[in-house]
Amino acid sequence: QVQLVESGGGLVQPGGSLRLSCAASGFTFSMYAMSWYRQAPGKERELVAIVTTDGVDISYADSVKGRFTISRDNAKRTVYLHMNSLKPEDTAVYYCNCRVRGRSEWGQGTQVTVSS
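Residues numbered from 1 in each chain as written. Predicted model: local features only at pLDDT ≥ 70, side-chain atom pairs only at ≥ 80, totals over all residues. Heavy atoms only, no water.

J.: What exactly am I supposed to notice about the overall build of the chain here?
T.: Along the backbone of the chain there are zero helices and 11 strands. Written out in order from the N terminus, the α and β elements of the chain read β-β-β-β-β-β-β-β-β-β-β. The globule rule puts the C-alpha radius of gyration for 116 residues at 13 Å, and the 13 Å found for the chain is close to it. Considering only C-alpha atoms, the chain reaches an extent of 40 × 25 × 20 Å along its principal axes. The 116 residues of the chain split such that 40% are buried. For the chain, contacts bridging at least 24 residues in sequence account for 53% of all contacts bridging at least 6. Accessible surface, the chain as shown: approximately 6,100 Å² in total, 47% of it carbon and sulfur. Taking the 13 positively charged and 10 negatively charged side chains of the chain as two groups, their mean positions are separated by 4 Å. (Helix = DSSP H or I, 4+ residues; strand = E, 2+ residues; numbered from the N terminus. Rg over C-alpha atoms; globule rule 2.2 N^0.38 Å. Buried < 20%, exposed > 50% of the residue type's maximum accessible area, 1.4 Å probe, protein only. Contact = heavy atoms within 4.5 Å. Areas by Shrake-Rupley, 256 points an atom, 1.4 Å probe, with all protein chains shown as cover. Lys, Arg positive; Asp, Glu negative; His and termini not counted. Charge placed at Lys NZ, Arg CZ, Asp CG, Glu CD.)

J.: I keep staring at the pairing of strand β11 (residues 110-114) and nothing clicks. Help me out?
T.: Consecutive side chains along a regular strand alternate between the two faces of the sheet. Side chains T110, V112 and V114 of β11 all project onto a buried face; the interleaved residues Q111 and T113 project onto a face where none is buried. One ladder, built from three bridges, connects strand β9 (residues 92-100) with β11; its direction is antiparallel. Residue pairing in the sheet places A92 in a bridge with V112 of β11. (Pairing = 2+ DSSP bridges.)

J.: Mind showing me how you'd approach the sheet that holds strand β7 (residues 68-73) here?
T.: Backbone hydrogen bonds hold the strands of a sheet together, and the pairing may be parallel or antiparallel. Strands sit in the order β1-β3-β8-β7 across an open sheet of four strands; the sheet is antiparallel. Both outer strands of the open sheet, β1 (3-7) and β7, are each paired with one neighbouring strand and no more. Ignoring strand direction, the axes of neighbouring strands in this sheet form an average angle of 15 degrees. (Axes fitted to C-alpha atoms, helices over the stretch in contact; angles between N-to-C directions.)

J.: Please clarify how the side chain of T110 should be interpreted in this entry.
T.: Considering the arrangement of structural elements, one finds T110 in strand β11. Discounting chain neighbours no more than four positions away, the residues touching T110 are E6, S7, G8, G9, L20, A92, V93 and Y94.

J.: Could you clarify how one ought to interpret the nonpolar core in this entry?
T.: When a protein is soluble and globular, its nonpolar side chains tend to lie buried together. Core analysis: the largest hydrophobic core is formed by 30 residues, its most contacted members being F27, W36, L81 and Y94. Per-element accounting of this core gives the leading share, five residues, to β9. (Core = buried A, V, L, I, M, F, W, Y, C linked by side-chain atoms within 4.5 Å.)

J.: So what exactly am I meant to see when it comes to unusual backbone geometry here?
T.: Among all residues except glycine, the phi angle is most often negative; among peptide bonds, the trans geometry is most common. Its identity is not glycine, yet S85 carries a phi of approximately 50 degrees, on the positive side. With respect to the helices and strands, the residue S85 is situated in the loop between β8 (78-83) and β9. Phi angles above zero are rare outside glycine, and R101 is one such case at about 55 degrees. Position of R101 among the secondary structure elements: in the loop between β9 and β10 (103-106). A relative accessible area of 61% places R101 in the exposed class.

Next up, the structure:
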């Protein structure tokens, strides 16, 4: 079965950086686009970034453009989200996502808290 496991979240001060990782299994990772979403308390889940199968077609939410970088390592079956210049507004649970065989799959999420 499809499994997505996020890691790398934590507490960081404004202006700091974190790298999130999502380890994937249960499907042919290199054949699927991967996405990062986030959800703050009381808010709907929002798309943060998408990377296509070969990593060359990438898009970001306007709120993170220029600060976050999505990348993937198909050999390691892992997608990353490098987060720089973090703001308190970035505080949320971050989720890895992909659509495999017509079904949207989610990881368990990793908490990112940006606070001084």
